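# Working through the structure, step by step
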Amino acid sequence: MREGFDMFKIVYMDAATPFERGVQYGQQAKPEIETAIRYYQEKFAKKFTWDQVLTFAEKFNQATEAFSPEIMDELKGIAAGAGRDVREIMAVNARYEISQFDWQHECTTGVFMDPERKKKFIFKNCDLGRSVSHHLVILHIVRPDGFRALGVAEAGQLIRDGYNSKGVALVNSALRSHMDHAGVAVPGTVIRKSVWEASSFEEACAIQRNRFRTVSTNMLLASREGKALDFECYPGGEDEVLPTQGIIGTGNRFTVDPTRNRAFDPAIDRGRQLKELLAEKRDELDTDTIMEILKNHEGYPESICRHADDVGHSTVYSIIIDLSTNQIYICFGNPCCNPYQEYQL
C-alpha cells in the first residue's frame, strides 16, 4: 500500500510488543505529534495551565494502566519514540475528558447492512477544528501474529475510527448529556483502542457495556458478518440501537432517550437526514453512492458535509469501510472537494 494523498502520513507498526509499536508510531509521526501537542496546549490554555493539564493527565495514566497495561505500554512507547513526556501524550488522548471543551455539533456516522446482496458498510464524516487537519495520520498495524488494523487518528492518539482483520469496525461521534461531569475514567481513545483490536464483534460490544464514564460519547460498531450496533453512552450507562431495515444514522443526538441531550439544534438533524438518504438509495447503494451521500449539503454549513462556520469546524476527513471487500476509503477534508483514496488491511 502506498501513500496516495500527500496530506495523510501512514504510520506503519509491525513490532512484536505494544511498547515497540508505540516507539515506531512516535518516531514516524514525531512532527505531527508535536503539532498536536501545540494545538491542545492552546486549547487547554483557555481553562488551565499546562502544568495543571499534566497533573490531570497523570491520573488518566493511572486509570489506563489499571484498565490495560498493554495499552499504557504503547502510550509510553509513543512518548519515547517522539521524545515527549508520556503525560503530554495522554493529554492529547484525554483532551476532552480533562477539559470538556466548548462542544460543537460534530461528526455524522452511519451503517448500511444488506448481507444478502453483500452490501455491508460503515462510514463517517469527521468534523473538527480545521487546524486538526495538520496532525491527522493513518495508522496501519501488522502484528507478527497476523493481526492487522487500519484507521485514522490525531497524531499521538491511539485511534479514532478504523477496521481490523477480525472483521470489527468502529466509528465514533460526540454526544453531550446533562450528566457529563469532571472526573477521572478510562479515556475514550483507550476504549476505542481496545475495541479496534477486539477479536470479535461480541468482544467489541462487551467492552462498551457497563463502563464507568464521566462524559458522553457515541460508538457505532459493525462486523464483516453483517452485524451492527450503536451505543449512545453517558455517565451511568449506555443505550443500544439496532439497525432499522439495515440502517443506522447518527448526528450528535441521544435518540433512545432524548431527555439526555444537554443541547442540540432542532433545525438540523443529520442522523435523520442520513437515514432518509440511505433508505432512498437502498436499491442502488454502493461505495460511490455513499460517497455522494456524504457530500450532502442540506442545512449548510452544519450539514453532513460540514463547512467552516463561525467557530471554524468543518469535515476534516471522511471514511467508508466496505465490510464485504475489506476495502477502506479515506478522504482528506470535505468529500465534496477532495477525492477518496483506497486502502487495504
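About the criteria used
- Residues numbered from 1 in each chain as written.
- Predicted model: local features only at pLDDT ≥ 70, side-chain atom pairs only at ≥ 80, totals over all residues.
- Heavy atoms only, no water.
- Helix = DSSP H or I, 4+ residues; strand = E, 2+ residues; numbered from the N terminus.
- Rg over C-alpha atoms; globule rule 2.2 N^0.38 Å.
- Buried < 20%, exposed > 50% of the residue type's maximum accessible area, 1.4 Å probe, protein only.
- Areas by Shrake-Rupley, 256 points an atom, 1.4 Å probe, with all protein chains shown as cover.
- Lys, Arg positive; Asp, Glu negative; His and termini not counted.
- Charge placed at Lys NZ, Arg CZ, Asp CG, Glu CD.
- Contact = heavy atoms within 4.5 Å.
- Axes fitted to C-alpha atoms, helices over the stretch in contact; angles between N-to-C directions.
- Parallel < 35°, antiparallel > 145°, perpendicular 65-115°, else oblique.
- Left-handed = near helix turned anticlockwise from the far one by under 90°.
- Nonpolar A, V, L, I, M, F, W, Y, C, P; charged D, E, K, R; others polar.
- Phe/Tyr/Trp six-rings, centres within 6.5 Å; stacked < 30°, edge-to-face > 60°.
- Polar contact = N/O pair within 3.5 Å; in protein donor to acceptor, adjacent residues only side chain to side chain.
- pLDDT = per-residue confidence, 0-100.

With that settled, the discussion passes to the overall build of the protein chain. Counting its regular elements, the protein chain contains 10 helices and 14 strands. Computed over its C-alpha atoms, the radius of gyration of the protein chain comes to 18 Å, within 12% of the 20 Å expected for a compact globule of 345 residues. Dimensions of the protein chain, computed from the C-alpha atoms along their principal axes, are close to 50 × 45 × 40 Å. Looking at the protein chain as a whole, 61% of its 345 residues are labelled buried. Put simply, the protein chain shows about 13400 Å² of open surface, and 47% of that area lies on carbon and sulfur atoms. Seen as two clouds, the 41 positive and the 50 negative side-chain charges of the protein chain have centres 1 Å apart.

For the bond from Y300 to P301, the omega torsion is 10 degrees, close enough to zero to count as cis. Tracing the backbone through its elements, the reader meets P301 in the loop between α10 (287-293) and β12 (313-322). Unlike most non-glycine residues, K118 shows phi in positive territory, near 55 degrees. The phi dihedral of N252 is positive, around 70 degrees, even though this residue is not glycine. In this structure N252 comes out as buried when scored by relative accessible area, which is 1%.

Moving on, we get to the environment of M179. Relative to the assigned elements, M179 resides in the loop between β7 (168-174) and α7 (188-196). Assessed through its relative accessible area of 25%, M179 is described here as partly exposed. Taking the C-alpha atoms as reference points, M179 and E225, 46 residues apart in sequence, are found 35 Å from one another. Not counting residues within four places of it along the chain, the set of residues in contact with M179 comprises T214, Y234, P235 and R260.

Here we take up the packing of α7 against helix α8 (residues 201-208). At a minimum axis separation of 9 Å, α7 and α8 run at an interaxial angle of 165 degrees. Judged on the interaxial angle alone, α8 and α7 are roughly antiparallel. Considering only the axes of α7 and α8, their crossing is right-handed. The segment α7 lies against α8, with I191, S194 and V195 engaging A204, I207 and Q208. Within the contact of α7 with α8, the residues separate by chemical class into 4 nonpolar, 2 polar and no charged.

With that out of the way, let us pick up the packing of aromatic side chains. In this structure the tally under the stated criterion is 6 aromatic pairs. Ring geometry for F8 against F332: centres 5.4 Å apart, planes inclined by 85 degrees, an arrangement best described as edge-to-face. Here F8, found in the segment before β1 (9-13), pairs with F332, found in strand β13 (residues 327-332); they are 324 residues apart in sequence, far enough to count as distant. Note on F8: relative accessible area 0%, which makes it buried. On the accessibility criterion, F332 (10% relative accessible area) is buried. Judged by centre distance (5.2 Å) and plane angle (80 degrees), the rings of F48 and F56 are edge-to-face. Residue F56 is classed as partly exposed on the basis of its relative accessible area, which comes to 27%. Linked through ring pairs, Y39, Y40, F44 and W50 together constitute an aromatic cluster.

Turning our attention to helix α5 (residues 86-93). Buried residues dominate α5, accounting for 6 of its 8 residues. Within α5, burial applies to E88, I89, M90, A91, V92 and N93. Turning to α5, the residues buried within the fold contact α2 (30-44), α3 (50-67), α4 (69-82), α6 (95-99) and α7. The backbone nitrogen of R87 lies 2.8 Å from a side-chain oxygen of the residue at the head of α5, namely D85.

Before going further, it helps to examine the confidence of the model for the protein chain. The share of residues in the protein chain with pLDDT of 70 or more is 94%, and the mean pLDDT across the chain is 93. For residues 1-5, every residue scores under 50 in pLDDT, and the model assigns this stretch 15 contacts once sequence neighbours within four places are set aside.

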